[in-house]
Amino acid sequence: MAKFVVAGKANCPYYAKAEHLADCLQAALPNFRVHKITQHPDQWEQWLHDICEMNGWEHRQSPIIWRELLDRGGKGQLLGGLKDFLEYAQQYYGITSMMLSKEMLDIAEENLQAHLEIVKEDEEIKSLIKPMQIWITSASTPICYQLIPLLANGEVFGMTTEISIHLLDTGQFKEVLCSIVMEAEDMAFPLLRSILEHTEIDEAFIEADVIIILDDVLLNLEVQSLENYIREATLIMTYGPSIKPENIIAVATSWESAAKATLARKLNMSTAGVKDVIVWGNITGSNYIDLSHAKLYGYDSAIWGPANFQRPLLNMIYDREWIHSEFLSAQGSLRSRVGRCTGMLPAHAVTTVLQYWYHGSPPGEIVSVGVLSEGQFCVPEGIIFSMPVSFQNGNWEVIKELEIDGTTQKVLGRLAHELIQEKLVALKEIKEIHPYGEG
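Residues numbered from 1 in each chain as written. Predicted model: local features only at pLDDT ≥ 70, side-chain atom pairs only at ≥ 80, totals over all residues. Heavy atoms only, no water.

Asks: Go over the overall build of the protein chain with me, naming the residues and quoting the values.
Replies: For the protein chain, the count of helices and strands is 13 helices and 17 strands. For the protein chain, with 439 residues in total, the buried portion stands at 46%. By element, 52% of the accessible surface of the protein chain is carried by carbon and sulfur atoms, the whole surface being about 23600 Å². (Helix = DSSP H or I, 4+ residues; strand = E, 2+ residues; numbered from the N terminus. Buried < 20%, exposed > 50% of the residue type's maximum accessible area, 1.4 Å probe, protein only. Areas by Shrake-Rupley, 256 points an atom, 1.4 Å probe, with all protein chains shown as cover.)

Asks: Please set out the packing of aromatic side chains residue by residue, giving values where relevant.
Replies: Counting across every chain of the model gives 12 aromatic pairs. With a centroid separation of 5.5 Å and 25° between ring planes, the pair formed by Trp44 and Trp47 is classed as stacked. Taken together, the residues Trp44 and Trp47, both in helix α2 (residues 41-55) and three residues apart, mark about one turn of the helix. When its relative accessible area of 1% is taken as the criterion, Trp44 is described as buried. Plain terms: the ring middles of Trp357 and Phe391 are 6.2 Å apart, the flat faces sit at 50° to each other, and that makes the pair tilted. On the criterion of sequence distance, the pair formed by Trp357 in helix α12 (residues 344-359) and Phe391 in strand β16 (residues 384-392) is long-range, its members being 34 residues apart. Accessibility assignment for this pair places Trp357 and Phe391 in one class, buried. Taken together, the ring pairs in this structure connect Phe4, Phe32, Phe85, Tyr88, Tyr92 and Tyr93 into an aromatic cluster. (Phe/Tyr/Trp six-rings, centres within 6.5 Å; stacked < 30°, edge-to-face > 60°.)

Asks: Requested: an account of helix α8 (residues 253-267), with residues and values cited.
Replies: Structurally, the α-helix is built with 3.6 residues per turn, so residues lying three or four positions apart point the same way. Taking 1.5 Å of rise per residue, the 15 residues of α8 would be expected to cover 21 Å, and the 21 Å separating its terminal C-alpha atoms lies within 8% of that figure. All buried positions along α8 are accounted for by Thr253, Ser254, Trp255, Glu256, Ala258, Ala259, Lys260, Ala261, Thr262, Leu263, Ala264 and Leu267. Positive backbone phi, at 60°, marks Asn268, one or two positions downstream of α8. (Expected span 1.5 Å × (residues − 1).)

Asks: Could you give an account of the sheet that holds strand β3 (residues 64-68), naming the residues involved and the relevant values?
Replies: The strand order across the open sheet formed by four strands is β2-β1-β3-β4, and the pairing between neighbours is mixed. Every interior strand has two partners, whereas the edge strands, β2 (32-39) and β4 (77-80), have only one. Each adjacent strand pair in this sheet contributes to an overall mean axis angle of 25°, direction not counted. Where strand β1 (residues 2-9) meets β3, five bridges bridge the pair, whose relative direction is antiparallel. Looking at β3, one finds that Lys3 is bridged to Glu68. Sheet contacts for α2: β1, β2 and β3; angle to β3, the most-contacted strand, approximately 40°. (Pairing = 2+ DSSP bridges. Axes fitted to C-alpha atoms, helices over the stretch in contact; angles between N-to-C directions. Contact = heavy atoms within 4.5 Å.)

Asks: Which residues make up the packing of helix α5 (residues 142-152) against α12, and what values go with them?
Replies: The geometry of α5 relative to α12 is characterised by a closest axis approach of 8 Å and an angle of 40° between their N-to-C directions. On the basis of the axis angle, α5 is oblique to α12. Between α5 and α12 lies a crossing of right-handed hand. Residues Ile143, Gln146, Leu147, Leu150 and Leu151 of α5 touch α12, and the partners they reach there are Met344, Pro346, Ala347, His348, Val350, Thr351 and Leu354. (Parallel < 35°, antiparallel > 145°, perpendicular 65-115°, else oblique. Left-handed = near helix turned anticlockwise from the far one by under 90°.)

Asks: How would you summarise unusual backbone geometry if you had to cite specific residues and measurements?
Replies: Note that the residue after Ser62, namely Pro63, is joined by a cis bond; omega there is 0°. Despite not being glycine, Asp276 has its phi angle at roughly 60°, a positive value. Looking at Asp276, the relative accessible area reads 4%, which means it is buried.

Asks: Please set out the nonpolar core residue by residue, giving values where relevant.
Replies: Grouped together as the largest cluster of nonpolar side chains are 28 residues, with contacts concentrated most on Ile136, Leu151, Leu167 and Ile212. Elements represented by at least two residues in this core include exactly β5 (132-137), α5, β6 (163-168), α6 (174-187), β7 (192-198), β8 (210-213) and α12. With six residues, α5 is the largest single contributor of residues to this core. (Core = buried A, V, L, I, M, F, W, Y, C linked by side-chain atoms within 4.5 Å.)

Asks: A description of the pattern of salt bridges should follow, citing residues and the corresponding values.
Replies: As enumerated under the stated definition, the model contains 11 salt bridges in all. The partner of Glu197 in a salt bridge is Lys174, and the shortest N-O contact between them spans 3.5 Å. Of the two residues, Glu197 is situated in strand β7 and Lys174 in helix α6; the sequence distance between them amounts to 23 residues. Look at Glu197 and you get partly exposed, because its relative accessible area is 26%. Residue Glu418 pairs with Arg414 through a salt bridge whose shortest N-O separation is 3.4 Å. In this pair, Glu418 and Arg414 both sit in helix α13 (residues 406-430), four residues apart, roughly one turn of the helix. (Salt bridge = Lys/Arg side-chain N within 4 Å of Asp/Glu carboxyl O.)

Shown next, in the form of structure tokens:
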């Protein structure tokens, strides 16, 4: 079988004639095959130089024709330009092209337009499969190690969405970041296009679609670092100034999940059946776990109903002393459990909220996240305050119609006051420290 390659500038009339001759040969000869390559006029010279250098050929004009040696392997056999191709076809096959100059020019123009359309389509396809850029700060923490597989398995952003992950931390953790990168690459996730480590702060958040700020304060709630808060806040302010305030949220799902699990153990039921537990306030400081709207599904009691049958949680817990002394107290088991979590729970919390953000939260279900207050529930504007929201169509919305009693409103007032004081101290300290420490 003979296979010939005909390549040339898309607007070259001589390429048009060579292409026509190749088509005639392929139509007349059952064992003749042709492969065509067109290049944009602006790219032709460089392309021709590269192909000739790779094969050791000498050729300077459009078109260039060579024969692929399918039966022998190795580089192709250069035939030459249009004149050489005409002579070869006439000598070996008795076939030639009688295409006139005007027709050559017309087809050359058509070839150029067709080439431009193909390039445009290719660019559109590439733009559709451009990977989502995900940045993770403080990426040396254990949470990141648990987070990467959850992001890369396709359940968060969709099974057709490729992602690129960027790990950012200070220079002292470069070796740790490199180890994480190598292990993630070894796992060969189909949707993970690339994973890179960064220790230069000037590289932060380039083309970022999602930024995940991992806060190591969560690893030890007894020792809260104001400097860490300020470092992370100023990082976003300095290197992500175009981020809209509504696109910055604090994930309270760790508290929410741990609270549900603690309640489920108390009631001897599945954690999945505990819904609408609300976390108010500061997710890394003082907060309040509100059970007044919490519901139970599938609870084993004297009354049974369909799958959507629910019972108010507080009606099912008769030991109210346990709620105040063990569950809600500052020294209680819940705070102790969240404080000891260093990986799976926080990572699951982050990915759950991202999944809700991109695909919507369960209808009618309350999710707690820290958002910039706009005065909802009498919480002063301008502070990040955890409150009940729902996610839909790529956005979140505070559930404003939720009724709260007087006791809860007083607690919210106290929590808001503490956050305002913390914010004032932080703003004062911001001017005195480097945004991201020494790299």
